[in-house]
Amino acid sequence: MTEAQAYLNGSFIPDSEARLSVTDLGIVYGASVTEMVRTFQHQLFMLDDHLERLFNALEYVGIESPVPVSELKQICETLVERNAALLPDQHDLGLTVFITAGHNLPYLGLAELEACQTPTVCVHTFPLAFELWDQKYSSGQNLLRSEVLPLNANIFDPGVKSRSRIHLYRADKLVRQKNPQASALLFDPAGYVAETTVGNFFLIMGTQILSPRPEYVLGGISQKMVMRLAKQLGLDYQEADISPNMILEADEALTSSTAYCLMPVTRFEDHQLSQGIPGPVYQKLLTAWSQAVGVDILQQAREIGALRRQALS
């Protein structure tokens, strides 16, 4: 096998042939729920947690998966086993699974009623793009306050990871008009921190880790890992209302996300945080995470990121 494979509606096919129709409701309405998982040493990390969140989201939006969770898990593992064989041993994969609501009946008519009522199921992988974030482990991120509000549970549960995320795209787009290197930090209507466009946010105050209250936040799988590591390291993890002033007064700030795991925040708006360098609690958490998965997360990202940038030069 020389090309990576994907899974689409019951079949494993070449990745280049995995396409959605323009009539698919995932495109027409963004009616699709999704999960992104990564591997460590070519093994999927916290896959059960991701699939649990996926199926909770399906129930919420009213999509009935034609594939049971046990079968979908096997599909994910099979796909990684096949596609990881195309990678160097030290590299790792991202895996995306999404399920759409099927096809749009007004586009196809009653003759295609069955297709319109049958959800689309797709799973595909990609080599993790370490070159996009490897240097930020040392330099940190710059976050700017976004004028875009997070999802409101009265409209759509923010705990559901859907493809309908154009508000997050807009949030980063607006922020990067001010600073192309920055990312957006969303605040709830009361003025407290919610989340970034790609992951969860944390403050470090002494031996406390503070995370925003969950009402406006997609509860992250990586966030669960931070909770676990905090307990392991004897840190007090709490949910709290986090104001902009608290960010400026904190010892450290960081974010979590599936691909990069943990990333320090060294600048908020025009203010330097933790003296512009990653703080000690961040470093302890990242080290503990590396030990838990048997991969030096920082070293892996730096080595592969450098190789990929060199190949592009």
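Quantities reported herein were computed from a predicted structural model and do not represent experimental measurements.

What counts, and at which threshold
- Residues numbered from 1 in each chain as written.
- Predicted model: local features only at pLDDT ≥ 70, side-chain atom pairs only at ≥ 80, totals over all residues.
- Heavy atoms only, no water.
- Domains from an automatic or database assignment.
- Contact = heavy atoms within 4.5 Å.
- Buried area = accessible area lost by both parts, 1.4 Å probe.
- Salt bridge = Lys/Arg side-chain N within 4 Å of Asp/Glu carboxyl O.
- Core = buried A, V, L, I, M, F, W, Y, C linked by side-chain atoms within 4.5 Å.
- Buried < 20%, exposed > 50% of the residue type's maximum accessible area, 1.4 Å probe, protein only.
- Helix = DSSP H or I, 4+ residues; strand = E, 2+ residues; numbered from the N terminus.
- Pairing = 2+ DSSP bridges.
- Polar contact = N/O pair within 3.5 Å; in protein donor to acceptor, adjacent residues only side chain to side chain.
- Phe/Tyr/Trp six-rings, centres within 6.5 Å; stacked < 30°, edge-to-face > 60°.
- Expected span 1.5 Å × (residues − 1).
- Arc of directions from axis to C-beta.
- Patch = residues over 30% accessible without salt bridge, like charges linked within 9 Å, V, L, I, M, F, W, Y side chains within 5 Å.
- Areas by Shrake-Rupley, 256 points an atom, 1.4 Å probe, with all protein chains shown as cover.

**Here we look at the domain arrangement of the chain**
At step 1: According to the domain assignment, the chain consists of domain 1 (5-128) and domain 2 (135-303).
At step 2: Taking only C-alpha atoms, the centre of domain 1 and the centre of domain 2 are 26 Å apart.
At step 3: Across the boundary between the two partners, domain 1 contributes 25 residues, which contact 24 residues of domain 2.
At step 4: Summed over both sides, the interface between domain 1 and domain 2 buries roughly 2,000 Å², with carbon and sulfur atoms accounting for 59% of that surface.
At step 5: Taken as a group, F40, R53 and Y60 account for 28% of the area that domain 1 buries against domain 2, more than any other trio of residues on that side.
At step 6: Across the domain 1-domain 2 interface, the total number found is one salt bridge.
At step 7: Between D49 and K224 there is a salt bridge, and its shortest N-O distance comes to 3.2 Å.

**Comments concerning the nonpolar core**
At step 1: In terms of nonpolar packing, the biggest core is built from 35 residues, with F40, W133, Y137, I209, L262, L285 and W289 touching the most fellow members.
At step 2: Looking at this core, the elements that each hand over two or more residues are β3 (32-40), β10 (200-205), α8 (221-232), β14 (261-268), α10 (280-293) and α11 (297-312).
At step 3: Looking at this core, you find at least three residues from each of domain 1 (5-128) and domain 2 (135-303).
At step 4: In contact with I209, other than residues within four places in its own chain, are F202, L203, I204, V226, A230, L235, D236, Y237, Q238 and L285.
At step 5: Membership of the second largest hydrophobic core comes to 25 residues, among which are V33, L54, V121 and V160.

**Topic: the pattern of salt bridges**
At step 1: In total, this model carries nine salt bridges according to the counting rule given.
At step 2: Salt-bridge contacts for R176 lead to D172; the nearest nitrogen and oxygen are separated by 3.8 Å. Linking R176 with D172, this pair stays in helix α7 (residues 166-178), spanning four residues, or about one helical turn.
At step 3: Under the relative-accessibility criterion, D172 is labelled buried at 11%.

**Structural notes on the pairing of strand β7 (residues 141-145)**
At step 1: With respect to burial, β7 is a largely interior element, four of its five residues being buried.
At step 2: As paired elements, β7 and β14 share three bridges and run parallel to each other. Bridged to Q141 within β14 is V265.
At step 3: The pairing of β7 with strand β8 (residues 183-187) spans three bridges and is parallel.

**Focus: the environment of D251**
At step 1: Following the sequence through the fold, D251 ends up in the loop between α9 (244-249) and β13 (252-257).
At step 2: Along the backbone, D251 and P66 are 185 residues apart, and their C-alpha atoms lie at a distance of 48 Å.
At step 3: Within polar-contact distance, the side chain of D251 engages the backbone nitrogen of G206 at 2.6 Å.

**What to know about the packing of aromatic side chains**
At step 1: Tallied over the entire structure, the rule returns seven aromatic pairs.
At step 2: Centre to centre, the rings of F40 and F45 are 5.2 Å apart; their planes meet at 85°, and the pair counts as edge-to-face. Assigned by exposure class, F40 and F45 land together as buried.
At step 3: Judged by centre distance (6.2 Å) and plane angle (40°), the rings of F45 and W289 are tilted. In this pair, F45 sits in the loop between β4 (43-44) and α2 (47-61) while W289 sits in helix α10, placing the two residues 244 residues apart along the sequence. With respect to class, F45 is no different from W289; both count as buried.

**With respect to α11**
At step 1: For α11, with 16 residues, the first-to-last C-alpha span of 23 Å sits near the 22 Å given by 1.5 Å per residue.
At step 2: Taken together, the buried positions of α11 are I297, Q300, A301, I304 and G305. Looking straight down α11, one finds that the buried residues subtend no more than 110° of arc, so they occupy a single side.
At step 3: For α11, the elements touching its buried residues are β3, α6 (136-139), β14 and α10.

**Quick word on the environment of P119**
At step 1: Turning to its location among the elements, P119 is positioned in the loop between α5 (113-116) and β6 (121-127).
At step 2: C-alpha separation for the pair P119 and L25, spaced 94 residues apart in sequence, amounts to 9.0 Å.

**Description of a nonpolar patch on the surface**
At step 1: Taken together, the side chains of L105, L110 and L113 make up a nonpolar region of the molecular surface, amounting to roughly 270 Å² of accessible area.
At step 2: Following the sequence through the fold, L105 ends up in helix α4 (residues 105-108).
At step 3: Taking relative accessible area as the criterion, L105 reaches 34% and is therefore assigned partly exposed.

**What to know about the environment of T78**
At step 1: Tracing the backbone shows T78 in helix α3 (residues 69-84).
At step 2: Since its relative accessible area comes to 16%, T78 is described here as buried.
At step 3: Separated by 66 residues in sequence, T78 and F12 place their C-alpha atoms 9.8 Å apart.

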